[in-house]
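Summary of structural features
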Amino acid sequence: MFRNFKMVSYVVFGRGCFNQLNDILAEKRKSEASHMVFLVDDVFLKSPLKDRVPVKDPDTLMWVNVDHEPKTEYVDRLTQNVKKISDELPDGIVGIGGGSTLDIAKAVSLMLTNPGSSSDYQGWDLIKNPAVYHVGIPTLSGTGAEVSRTTVLSGPEKKLGINSDYTVFDQILLDPELIETAPPDQRFYTGMDCYIHCVESLSGTYLNAFSQAYGERAIELCRAVFLGSGPDRDDKLMMASYCGGMSIAYSQVGICHALSYGLSFVLGIHHGIGNCIVFDTLEDYYSEGVNEFRQMMEKHKIQLPRNLVAGIKDDQLEKMVDVALILEPLWENALGTDWKRTMTRDRIKELYLKM
Ligand code: NAD
Ligand code: ZN
């Protein structure tokens, strides 16, 4: 059976296209009394972007905080806050920020129409009802969250996405000007998320020509951005993220992501930097990719934190392994159907202890 996968319905790309947001939303407003909710990364609280968000009466702009990556409990709280605004559902949820904010917007739009807690839906295709119309506007590029069918959340038990066709954005707006303000280190870590998506997709057993076409283009763009010096690097990075996301949509990520989820769940390390820490230890699996990644780190003078795992308690290490092992499709993509024979708990611990 071939996957029939859902894609984003509408895409607008270009420098300054953020100015079109008002017109795009106007078509989705049901009446003068209905409202939209903007979920915006609070890093923009004092930035000029704040005044460009087309908030009309009776819309609401809610600042979201992503000092910690999204948790199910935070999504549930935000969903309740949106419900308190009105008895009617909003006409739309618009997320403006990095991957964390985009995931929060996706999750809130799903939880407005599905009962219970977002933690009930961590997994694959557990969502029953379509989401509220939702729009994603990235201000950092690399995660591919703008195109993916998942919203990655840490819950009480695990870090796992709500993967469903309803999760996918109805509209995305890709304006390279919005990523200009990202701090260089953060831009690097999130950019490397994209690079690693491509390495894992292109070397995986799930690869097909569709994923390969997007993955190869995305990895070339990453090279132009992080090893080259040409113009339009924000435009290229934004498209790399998009293509990298499309590549994994029809294949899967691999070992780095599986281990990075465990690292993040137990130590709270953010996805981009966490992937870099893990990837740097995976030369046995992705030797060419790891070498090129180290060249990129050198060029951008990135110093990764070291010795994060050596001193942790045994039960924390066991939990890391548990969380990593939940991601079965990732291991299978990387190592094939009999991956359990080589990727034992002891081997995973050995890899973690290098970090
Ligand atoms: P992020 O959204 O966590 O943001 C990182 C930091 O950059 C934050 O402090 C944020 O406030 C700041 N920031 C964002 N845009 C900025 C800008 N333009 N200027 C200045 N500061 C800015 O980072 P991320 O790497 O984009 O996202 C990571 C998250 O994405 C993780 O939670 C991860 O699990 C998730 N993710 C999701 C998918 C998916 O398919 N849904 C894929 C990969 C990762
Ligand atoms: Zn990733």
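Residues numbered from 1 in each chain as written. Chains lettered and ligands numbered in written order. Predicted model: local features only at pLDDT ≥ 70, side-chain atom pairs only at ≥ 80, totals over all residues. Heavy atoms only, no water.

1. Quick notes on the overall build of the protein chain
- Helix and strand counts for the protein chain stand at 13 helices and 9 strands.
- A compact globule built from 355 residues would reach a C-alpha radius of gyration of about 20 Å, and the protein chain, at 20 Å, matches this within 12%.
- On the principal axes, the C-alpha backbone points of the protein chain span a range of 60 × 45 × 45 Å.
- Residues counted as buried form 57% of the 355 residues belonging to the protein chain.
- Long-range pairs, those at least 24 residues apart, make up 76% of the contacts in the protein chain with a sequence separation of at least 6.
- For the protein chain, the computed accessible surface area is about 15500 Å², with 50% contributed by carbon and sulfur atoms.
- Placing the 36 positive and 48 negative side-chain charges of the protein chain at their respective mean positions leaves the two points 1 Å apart. (Helix = DSSP H or I, 4+ residues; strand = E, 2+ residues; numbered from the N terminus. Rg over C-alpha atoms; globule rule 2.2 N^0.38 Å. Buried < 20%, exposed > 50% of the residue type's maximum accessible area, 1.4 Å probe, protein only. Contact = heavy atoms within 4.5 Å. Areas by Shrake-Rupley, 256 points an atom, 1.4 Å probe, with all protein chains shown as cover. Lys, Arg positive; Asp, Glu negative; His and termini not counted. Charge placed at Lys NZ, Arg CZ, Asp CG, Glu CD.)

2. Overview of the packing of aromatic side chains
- In total, this model carries 9 aromatic pairs according to the counting rule given.
- Judged by centre distance (5.4 Å) and plane angle (80°), the ring pair of Phe 279 and Phe 293 falls under edge-to-face. Taken together, the positions of Phe 279 in helix H8 (residues 271-279) and Phe 293 in helix H9 (residues 287-299) put the pair 14 residues apart, joining distant regions of the chain.
- We classify Phe 279 as buried; its relative accessible area is 0%.
- Within the aromatic cluster, the residues linked to one another by ring pairs are Phe 5, Phe 210, Tyr 214 and Tyr 250.
- Over the aromatic face of Tyr 261 sits the side chain of Lys 159, whose NZ or CZ is 4.9 Å from the ring centroid. (Phe/Tyr/Trp six-rings, centres within 6.5 Å; stacked < 30°, edge-to-face > 60°. Lys NZ or Arg CZ within 6 Å of the ring centre and 35° of its normal.)

3. A short note on the coordination of the zinc ion (ligand 2)
- Protein coordination at the zinc ion (ligand 2): the donors are Asp 193 (OD), His 197 (NE2), His 257 (NE2) and His 271 (NE2), at 2.1 to 2.2 Å from the metal.
- Relative to the metal, the 4 donor atoms surrounding the zinc ion (ligand 2) lie at angles of 86 to 171°, and the coordination shape comes out irregular.
- Taken in sequence order, the residues that donate to the zinc ion (ligand 2) follow the motif D-x3-H-x59-H-x13-H. Highlighted residues: His 257 in helix H7 (residues 255-267) and His 271 in helix H8, separated in sequence by 14 residues. Residue His 257 shares its accessibility class with His 271, and that shared class is buried. (Donors = N, O, S within 2.8 Å, 3.2 Å for Na, K, Ca; no water. Tetrahedral: all angles 85-135°; square planar, octahedral: opposite > 155°, others 65-115°.)

4. What to know about the pairing of strand S4 (residues 92-97)
- With 6 of 6 residues buried, S4 lies mostly within the body of the structure.
- Here S4 shows no split at all, with Gly 92, Val 94 and Ile 96 on one side and Ile 93, Gly 95 and Gly 97 on the other all buried.
- Bridging between S4 and strand S6 (residues 134-138) involves 5 bridges; their strand directions are parallel. Pairing of Gly 95 across the sheet is with Gly 136, part of S6. (Pairing = 2+ DSSP bridges.)

5. Considerations on the domain arrangement of the protein chain
- Parsing the protein chain into structural domains produces domain 1 (10-179) and domain 2 (184-353).
- The gap between the C-alpha centroids of domain 1 and domain 2 is 25 Å.
- Taken together, the contact between domain 1 and domain 2 spans 29 residues of the former and 27 residues of the latter.
- Interface area, domain 1 with domain 2, both sides summed: about 2300 Å², of which 65% is carbon and sulfur.
- The largest share of the area that domain 1 buries against domain 2 comes from Ser 141, Val 147 and Lys 159, three residues that together contribute 24% of it.
- Note that Arg 15 is salt-bridged to Asp 235, the shortest N-O span being 2.8 Å.
- The interface formed by domain 1 and domain 2 includes 9 residue pairs in polar contact (both at pLDDT 80 or more).
- For the side of domain 1 that touches domain 2, the elements supplying multiple residues, two or more each, are strand S1 (10-13), strand S7 (152-154), strand S8 (159-163) and strand S9 (171-174).
- Looking at the side of domain 1 that touches domain 2 residue by residue, the classes come out as 14 nonpolar, 7 polar and 8 charged. (Domains from an automatic or database assignment. Buried area = accessible area lost by both parts, 1.4 Å probe. Salt bridge = Lys/Arg side-chain N within 4 Å of Asp/Glu carboxyl O. Polar contact = N/O pair within 3.5 Å; in protein donor to acceptor, adjacent residues only side chain to side chain. Nonpolar A, V, L, I, M, F, W, Y, C, P; charged D, E, K, R; others polar.)

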